Amino acid sequence: MTMREELHIWLSLVGLSLKSGLEYRAAFFVQMLAMILNYAAMYAEIWIITERFNSLGGWSWQELTVLLAFQLFSYALGAAFSMGQFRELGALVRTGDFDLILTRPVNSCAFLIFSGVNVNYAGHFVLAISLMIWALLQPEIPVSVPSILYLFCAAISGALVVVSIFIILGALALNLIDGNFLTNIFFSFWHMTRYPLNIFPHYIQFTLTAIVPMAFFSYIPVAVFIGKPIFLLGDAAPIISILAGPALMLGSLTIWSFCLRRYQSAGG
């Protein structure tokens, strides 16, 4: 199979996923609206704090808006291609449906990614892009062509970080059968990523930077963009934040291959 034929297969799977997700339009728009309202309520709490104390960890509301928008966009872009697919992998293993995927003449990891694209993240994108546009129009936020280009590249890298984490969680589920507790740990850390990392103790900052590198799809790129000091990485933060996603993706695929070779199905 040529690379062009493989690309056609993956794009076809994405198209089928999107059509399936848009089959019930009314439910899609109601869910999107509910999601926007849910996030808006959470962000309103942060806005109230900044209004009361003028800033949060030295970040103004305008700067926090960039952080919230970037975190939401990067997470949604990565999760749309990975969260549902790999979060439910343990269930596929238990029912034997994952064994059916292995009989197909395609890469199993790529098949899961492209066949399960979740269109319900559309609301995340609408809210994130709206917030980002508003924030970048504020005079307090420094904007230039190179900085916008950096932010775009960092968002792609951040999305790859999200995909990589879910691939690793899914890979572990191949051998553990049930990895939902690992996903719960992920979301425990995820809630922290919408806040400036410098408000947390150093051990949490170290964890979210070097151990569970979720700061790469939230705090670190935005801190570079705005010009805030960055714990642990310092002046190396801009290049590391761009390379983090591709590097973690390669690492996650290696872990996936390792766990897949030791996969023995639910009966094993």
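A brief look at the structure comes next. Quick caveat: nothing in here was measured; it's all calculated off a predicted structure. (Residues numbered from 1 in each chain as written. Predicted model: local features only at pLDDT ≥ 70, side-chain atom pairs only at ≥ 80, totals over all residues. Heavy atoms only, no water.)

1. A closer look at the overall build of the protein
So, point 1. Scanning the protein from N- to C-terminus turns up 13 helices and 0 strands.
So, point 2. Starting at the N terminus and walking to the C terminus, you meet the elements of the protein as α-α-α-α-α-α-α-α-α-α-α-α-α.
So, point 3. Against the globule reference of 18 Å for 268 residues, the protein gives a C-alpha radius of gyration of 19 Å, in line with a compact fold.
So, point 4. Structurally, the protein occupies a C-alpha span of about 55 × 45 × 35 Å along its principal axes.
So, point 5. Within the protein, the fraction of its 268 residues that count as buried is 44%.
So, point 6. The long-range share in the protein, meaning contacts at least 24 apart out of those at least 6 apart in sequence, stands at 76%.
So, point 7. Split by element, the accessible area of the protein, about 13,400 Å² in all, is 68% carbon and sulfur.
So, point 8. Side chains of the protein carry 11 positive and 12 negative charges; the gap between the two charge centres is 4 Å. (Helix = DSSP H or I, 4+ residues; strand = E, 2+ residues; numbered from the N terminus. Rg over C-alpha atoms; globule rule 2.2 N^0.38 Å. Buried < 20%, exposed > 50% of the residue type's maximum accessible area, 1.4 Å probe, protein only. Contact = heavy atoms within 4.5 Å. Areas by Shrake-Rupley, 256 points an atom, 1.4 Å probe, with all protein chains shown as cover. Lys, Arg positive; Asp, Glu negative; His and termini not counted. Charge placed at Lys NZ, Arg CZ, Asp CG, Glu CD.)

2. Notes on the nonpolar core
So, point 1. One finds Tyr-75, Phe-86, Phe-98, Phe-186 and Trp-256 to be the most contacted residues of the largest nonpolar core, which totals 74 residues.
So, point 2. Among the elements that make up this core, the one with the highest residue count is helix α9 (residues 145-176) (13 residues).
So, point 3. Excluding anything up to four places from it in sequence, Phe-98 contacts Leu-89, Leu-92, Val-93, Leu-112, Leu-174, Trp-256, Leu-260 and Tyr-263. (Core = buried A, V, L, I, M, F, W, Y, C linked by side-chain atoms within 4.5 Å.)

3. Considerations on the packing of aromatic side chains
So, point 1. All chains considered together, the criterion is met by 13 aromatic pairs.
So, point 2. Look at Phe-81 and Phe-114: their rings are 6.4 Å apart centre to centre, the planes differ by 80°, and that puts the pair in the edge-to-face class. Residue Phe-81 is located in the loop between α3 (61-80) and α4 (83-87), and its partner Phe-114 is located in helix α7 (residues 108-115); the two are separated by 33 residues in the primary sequence.
So, point 3. The partly exposed category is assigned to Phe-114, whose relative accessible area is 24%.
So, point 4. Following the ring pairs from residue to residue traces out a cluster consisting of Tyr-75, Tyr-121, Phe-166, Phe-186, Phe-187 and Trp-190.
So, point 5. Geometry around Trp-190 places Arg-194 over its ring, the cationic atom sitting 5.0 Å from the centre. (Phe/Tyr/Trp six-rings, centres within 6.5 Å; stacked < 30°, edge-to-face > 60°. Lys NZ or Arg CZ within 6 Å of the ring centre and 35° of its normal.)

4. Notes on a nonpolar patch on the surface
So, point 1. On the surface, a nonpolar cluster with roughly 350 Å² of combined accessible area is contributed by Leu-172, Leu-176, Phe-181 and Ile-185.
So, point 2. For the nonpolar patch, the secondary-structure elements that each account for two or more residues are α9 and α10 (180-190).
So, point 3. A relative accessible area of 45% places Leu-176 in the partly exposed class. (Patch = residues over 30% accessible without salt bridge, like charges linked within 9 Å, V, L, I, M, F, W, Y side chains within 5 Å. Salt bridge = Lys/Arg side-chain N within 4 Å of Asp/Glu carboxyl O.)

5. Examining helix α2 (residues 25-53)
So, point 1. Between its first and last C-alpha atoms α2 spans 42 Å; for 29 residues at 1.5 Å apiece the expected length is 42 Å, and the two agree.
So, point 2. The set of residues buried in α2 consists of Phe-28, Met-32, Met-35, Tyr-39, Tyr-43, Ile-46 and Thr-50.
So, point 3. One or two residues past the end of α2 sits Asn-54, with phi positive at roughly 75°. (Expected span 1.5 Å × (residues − 1).)

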